[in-house]
Amino acid sequence: MQASITNTATRYGWATIVLHWLIGIIFIGQFILGFVMVRTQSQRTAFELIQLHKSLGFLLLGLVILRIAWRLGDAAPPLPPSVGILERRTAPLAHLALYVFQLALPLSGWALVSVSTLEIPSMPFNLFVMPNLPLPESDAAETFWASAHWYLAYAGIALVALHVCAALRHHFLLRDSVLTRMITPSSAGE
């Protein structure tokens, strides 16, 4: 059977699966890249890593917006009957929190570069100049947004770690289909 682009009653479609894993990989990669770039001794290498970090941040923001739009138009399959009532109530909240962090983190980074007094343009993948957000430049604003971005990054990666642990728990301990349906796409005939 041919894999379906859309979700079915039991599985996610390939569009949801590709967006999920692509966003997850970029999100985790951004955390690692952010950690490395602020500890790099070479100014040139640090600058290049920061530009890559900004490029991936804009890409992430676009993909998350696309993911949310897709999610609003393509309902997720319900959780399997084996999932308990507490998880049924908290899973939607956890997913909402993931979406919020995946939006807030690149937006806070965009705000950070927008208020910087250094006025270094953001050029996603050297393709075009991304305009700054209409925020006033100041050292105080830059300090605020740098802190916000840092705290959001650590809170976001903690939430992702919780999400990964929950998925692994479902797969290895509960042995249900929660993880596998995000790996194997639905079939057109399902």
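This report concerns the structure included in the present document. Nothing here was measured: the structure is a model prediction, and the numbers come from that model.

### Digging into helix H1 (residues 14–37)
If you check H1, its first and last C-alpha atoms are 33 Å apart, about what 24 residues at 1.5 Å a residue would give, namely 34 Å. Turning to H1, its buried residues are Ala15, Thr16, Ile17, Leu19, Ile23, Ile26, Phe27, Gln30, Leu33, Gly34 and Met37. Contacts from the buried residues of H1 go to helix H2 (43–73), helix H3 (85–115) and helix H4 (139–174).

### Some points on the pattern of salt bridges
A full pass over the atoms with the stated rule returns two salt bridges. Here Glu48 ties to Arg44 by a salt bridge, and the two come within 3.3 Å at their closest N and O atoms. Here Glu48 pairs with Arg44, and both are found in helix H2, just four residues apart, close to one helical turn. Notably, a salt bridge pairs Glu87 with Arg169, separated by 3.2 Å at the nearest N-O pair. Residue Glu87 is located in helix H3, and its partner Arg169 is located in helix H4; the two are separated by 82 residues in the primary sequence.

### Some remarks on the side chain of His53
Topologically, His53 is positioned in helix H2. Among all residues touching His53, those that are not within four sequence positions of it are Gln30, Leu33, Gly34, Met37 and His149.

### Considerations on the packing of H1 against H2
Two elements in contact, H1 and H2, have axes whose closest approach is 9 Å; the angle formed by their N-to-C orientations is 155 degrees. The angle between the axes of H1 and H2 places the two elements in the roughly antiparallel class. The two elements H1 and H2 cross, and the hand of that crossing is left-handed. Counted by class, the contact of H1 with H2 contains 20 nonpolar, six polar and one charged residues.

### Topic: a nonpolar patch on the surface
Judged by side-chain polarity, Ile28, Ile32, Phe35, Val36, Trp150, Tyr151 and Tyr154 come together as a nonpolar surface patch covering roughly 700 Å² of accessible area. Looking at the nonpolar patch, the elements that each hand over two or more residues are H1 and H4. The element that contributes the greatest number of residues to the nonpolar patch is H1, accounting for four residues. Here Phe35 shows up in helix H1.

### Focus: the side chain of Thr16
Its place among the elements puts Thr16 in helix H1. Using a relative accessible area of 1% as the deciding quantity, one classes Thr16 as buried. One polar contact links Thr16 to Asn7, side chain to side chain, over a distance of 3.1 Å. For Thr16, the contacting residues outside a window of four places in its chain are Asn7, Arg67, Trp70, Asp74 and Met182.

### Digging into the nonpolar core
Nonpolar side chains in soluble globular proteins tend to be buried together. Counting 12 residues, the largest nonpolar core consists of Leu19, Ile23, Ile26, Phe27, Leu60, Leu63, Val64, Leu98, Leu105, Ala153, Leu159 and Val160. When contributions to this core are tallied by element, the ones reaching two or more residues are H1, H2, H3 and H4. When residues in this core are grouped by element, the largest group, four residues, is from H1. Residues within four places of Leu63 in sequence aside, it is in contact with Leu19, Leu22, Ile23 and Ile26. Core analysis: the second largest hydrophobic core is formed by five residues, Leu61, Trp110, Val113 and Met130 among them.

### Concerning the packing of H3 against H4
Look at H3 against H4: their axes get within 8 Å of each other, and the N-to-C directions meet at 150 degrees. What the angle tells us is that H3 and H4 run roughly antiparallel. Note that H3 runs across H4; the crossing there is left-handed. The residue inventory of the contact of H3 with H4, partitioned by class, reads 18 nonpolar, seven polar and three charged.

### A word on the packing of aromatic side chains
As enumerated under the stated definition, the model contains five aromatic pairs in all. Judged by centre distance (4.9 Å) and plane angle (90 degrees), the ring pair of Trp150 and Tyr151 falls under edge-to-face. Exposure remark for Trp150: the relative accessible area of 47% places this residue in the partly exposed category. The class of Tyr151 is exposed, set by a relative accessible area of 56%. The interplanar angle of 45 degrees and the centroid separation of 4.5 Å between the aromatic rings of Trp150 and Tyr154 together place this pair among those described as tilted. Linking Trp150 with Tyr154, this pair stays in helix H4, spanning four residues, or about one helical turn. An aromatic cluster is built from Phe31, Trp150, Tyr151 and Tyr154, whose rings are joined through pairwise contacts.

Rules of the game
- Residues numbered from 1 in each chain as written.
- Predicted model: local features only at pLDDT ≥ 70, side-chain atom pairs only at ≥ 80, totals over all residues.
- Heavy atoms only, no water.
- Helix = DSSP H or I, 4+ residues; strand = E, 2+ residues; numbered from the N terminus.
- Expected span 1.5 Å × (residues − 1).
- Buried < 20%, exposed > 50% of the residue type's maximum accessible area, 1.4 Å probe, protein only.
- Contact = heavy atoms within 4.5 Å.
- Salt bridge = Lys/Arg side-chain N within 4 Å of Asp/Glu carboxyl O.
- Axes fitted to C-alpha atoms, helices over the stretch in contact; angles between N-to-C directions.
- Parallel < 35°, antiparallel > 145°, perpendicular 65-115°, else oblique.
- Left-handed = near helix turned anticlockwise from the far one by under 90°.
- Nonpolar A, V, L, I, M, F, W, Y, C, P; charged D, E, K, R; others polar.
- Patch = residues over 30% accessible without salt bridge, like charges linked within 9 Å, V, L, I, M, F, W, Y side chains within 5 Å.
- Areas by Shrake-Rupley, 256 points an atom, 1.4 Å probe, with all protein chains shown as cover.
- Polar contact = N/O pair within 3.5 Å; in protein donor to acceptor, adjacent residues only side chain to side chain.
- Core = buried A, V, L, I, M, F, W, Y, C linked by side-chain atoms within 4.5 Å.
- Phe/Tyr/Trp six-rings, centres within 6.5 Å; stacked < 30°, edge-to-face > 60°.

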